[in-house]
Amino acid sequence: MNQTAHIDSVEQLDQDMAGKNLSGYWRLGMEGLPNHPVTAVQPCLWKWQDVYDSLVRAGEVISLENSERRVVRLVNPGLDRKHAFATHTIQVSFQYVKPGENARAHRHTPAALRFVIQGNGAYTTVNGQQCVMEPGDLILTPKLTWHDHSNDGGAPIVWLDGLDFPLVTALHQVMQERFSERRQSIEKSSEAVMGQLGNSVRHGLPLAEFFHYKWRDTEPALRALTKTPAARDRFDGYLLEFRNPVTGGPTMTTIQCAVQLLPAKEETHSHRHTSTVMYHVFCGQGTTEIGEQRFNWQKGDTFVVPLWHPHRHLNSSSDDAILFSMSDAPALKALDLYREEI
Ligand SMILES: [Fe+2]
Ligand SMILES: [Fe+2]
């Protein structure tokens, strides 16, 4: 019997397995894993003037008759530009609707939130509920809720959009449907729903019916908080989270929204966490140190603090500064991946 001597090698094994859709653990380089999470998302600040100029120009060349939405996205320089996301979990963009315009009704699996920056006289309709949009208002369009935007006012409206689009994309769950009509008919107002909340909640109020946080309620609550020095958080100043009023849980399943006031001369302590946070400057000016970098911000600017980057906020001015923020912490907590270090 003729027997050929056979000497195997790693290279030969890898090659043979590749042809059978197999791969060895040794190919992953797992021995070199870091001892903390690492992200490609880079600290970055987007200036309001750049965003606003682009929106106004888009208002001249993009028609809502031909385009589903007139939106300018923030692109993180550390991520693949093709996907054009601000972070690996949250997409942030700005939307511009001119007087008389309507952004047609649709729904999708990515959940979205709207934080109104300027303009009056416009409204978003969410599952038949009319939410009149005023600066500082936060409006939710959770997963698969029908929504359309109409501007019946006399000036353009601008708001910030936050979506869990990158996360839903990573889970291969992205889909969108158009409503049968361009606009939904209005069945009730968000004011009527808000009237059933507060210190007591109407029995049986469906969870899915609450979509609107009014600035006229948020601001006094934030100001009242500043009257209680013990409420001052050493990492965030005076911070209010937008909770679901029915469950007490996060703003949405995947995103926690908050508003925080940094008093004049505030210098917060540094910390880091596994969540990534997007900040939008509602008013005032200041500086945020992220790792070795310093970002000076003012009203209208937006910036990102990537995960596990030490950061702290400074307000060296003589006026209060207010930041609106969106964090992916609820998604991380649901997966037992949230961690914080001082
Ligand atoms: Fe949408
Ligand atoms: Fe933080």
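Residues numbered from 1 in each chain as written. Chains lettered and ligands numbered in written order. Predicted model: local features only at pLDDT ≥ 70, side-chain atom pairs only at ≥ 80, totals over all residues. Heavy atoms only, no water.

## Section: the overall build of the protein
Of regular secondary structure, the protein possesses six helices and 23 strands. Expressed along its principal axes, the backbone C-alpha trace of the protein runs to roughly 90 × 55 × 50 Å. The proportion of buried residues among the 342 residues of the protein is 48%. Excluding contacts between residues fewer than 6 apart, the proportion of contacts in the protein whose partners are at least 24 apart in sequence is 74%. (Helix = DSSP H or I, 4+ residues; strand = E, 2+ residues; numbered from the N terminus. Buried < 20%, exposed > 50% of the residue type's maximum accessible area, 1.4 Å probe, protein only. Contact = heavy atoms within 4.5 Å.)

## Concerning a nonpolar patch on the surface
Taken together, the side chains of Val-10, Leu-13, Tyr-25, Trp-26 and Leu-28 present a nonpolar region at the surface, about 520 Å² in accessible area. Here Val-10 lies in helix H1 (residues 10-18). (Patch = residues over 30% accessible without salt bridge, like charges linked within 9 Å, V, L, I, M, F, W, Y side chains within 5 Å. Areas by Shrake-Rupley, 256 points an atom, 1.4 Å probe, with all protein chains shown as cover. Salt bridge = Lys/Arg side-chain N within 4 Å of Asp/Glu carboxyl O.)

## Observations concerning the side chain of His-280
You can see His-280 is positioned in strand E17 (residues 277-283). The exposure class of His-280 is buried, given its relative accessible area of 2%. Once residues within four sequence positions are removed from consideration, His-280 is found in contact with Phe-94, Phe-115, Ile-117, Leu-160, Gly-300, Asp-301, Thr-302, Ile-322, Leu-323 and Phe-324.

## As for the coordination of the iron ion (ligand 2)
Protein ligation of the iron ion (ligand 2) involves His-271 (NE2), His-273 (NE2) and His-311 (NE2), the donor distances falling in the range 2.1 to 2.3 Å. Each donor residue of the iron ion (ligand 2) belongs to the same chain, with the gaps between them written as H-x1-H-x37-H. In this pair, His-273 sits in strand E16 (residues 272-273) while His-311 sits in strand E21 (residues 311-314), placing the two residues 38 residues apart along the sequence. With respect to burial, His-273 and His-311 carry one shared label: buried. (Donors = N, O, S within 2.8 Å, 3.2 Å for Na, K, Ca; no water.)

## Describing the sheet that holds strand E9 (residues 147-151)
One open sheet accounts for six strands, arranged E11-E4-E9-E6-E7-E12; its pairing is mixed. Every other strand in the sheet has two partners, leaving strand E11 (176-178) and strand E12 (188-189) as the edge strands with one partner each. (Pairing = 2+ DSSP bridges.)

## Brief notes about the sheet that holds strand E8 (residues 138-141)
Whenever strands of a sheet pair, they do so through backbone hydrogen bonds, lying parallel or antiparallel. Across the sheet, which stays open at both edges, the six strands sit in the order E2-E3-E10-E5-E8-E13 with antiparallel pairing between neighbours. With one partner strand each, in any of the chains shown, strand E2 (71-73) and strand E13 (212-213) form the two edges of the open sheet. Sheet topology places E2 next to strand E3 (residues 91-97); three bridges connect them, and they run antiparallel. Looking at E3, one finds that Arg-73 is bridged to Ser-93. Of the strands in this sheet, E2, E3, strand E5 (112-118) and strand E10 (157-163) are in contact with helix H2 (residues 48-61), which crosses E3 at around 50°. (Axes fitted to C-alpha atoms, helices over the stretch in contact; angles between N-to-C directions.)

## Quick notes on the coordination of the iron ion (ligand 1)
Each protein donor to the iron ion (ligand 1) is listed here as His-106 (NE2), His-108 (NE2) and His-147 (NE2); together their distances run 2.2 Å. Written as a sequence motif, the donor residues of the iron ion (ligand 1) are H-x1-H-x38-H.

## Some remarks on the pattern of salt bridges
Summed over all chains, the structure comprises 19 salt bridges. Glu-101 is the partner of Arg-70 in a salt bridge, and the nearest nitrogen-oxygen pair spans 2.8 Å. Here Arg-70, found in the loop between H2 and E2, pairs with Glu-101, found in the loop between E3 and strand E4 (102-108); they are 31 residues apart in sequence, far enough to count as distant. Its relative accessible area of 3% is what places Arg-70 among the buried residues.

## Concerning the pairing of E3
The element E3 is extensively covered by neighbouring structure, given that seven of its seven residues are classed as buried. Across the two faces of E3 the burial is the same, with Gln-91, Ser-93, Gln-95 and Val-97 and Val-92, Phe-94 and Tyr-96 all buried. Across seven bridges, the pairing between E3 and E10 is antiparallel. Within E10, the position partnered with Gln-91 by the bridge is Leu-163.

## Thoughts on the packing of aromatic side chains
Taken as a whole and judged by the stated rule, the model has twelve aromatic pairs. Taking 5.8 Å as the distance between ring centres and 45° as the angle between the ring planes, the aromatic pair formed by Phe-85 and Phe-165 counts as tilted. Linking Phe-85 in the loop between E2 and E3 with Phe-165 in helix H3 (residues 165-170), this pair joins segments that are 80 residues apart in sequence. Taken together, the ring pairs connect Phe-115, Phe-210, Tyr-213, Trp-215, Phe-242, Phe-282 and Phe-324 into an aromatic cluster. Over the face of the ring belonging to Phe-165 we find Arg-73, whose NZ or CZ atom lies 5.8 Å from the ring centre. For Lys-299, the ring lying beneath its charged end belongs to Phe-282, and the centroid distance is 5.7 Å. (Phe/Tyr/Trp six-rings, centres within 6.5 Å; stacked < 30°, edge-to-face > 60°. Lys NZ or Arg CZ within 6 Å of the ring centre and 35° of its normal.)

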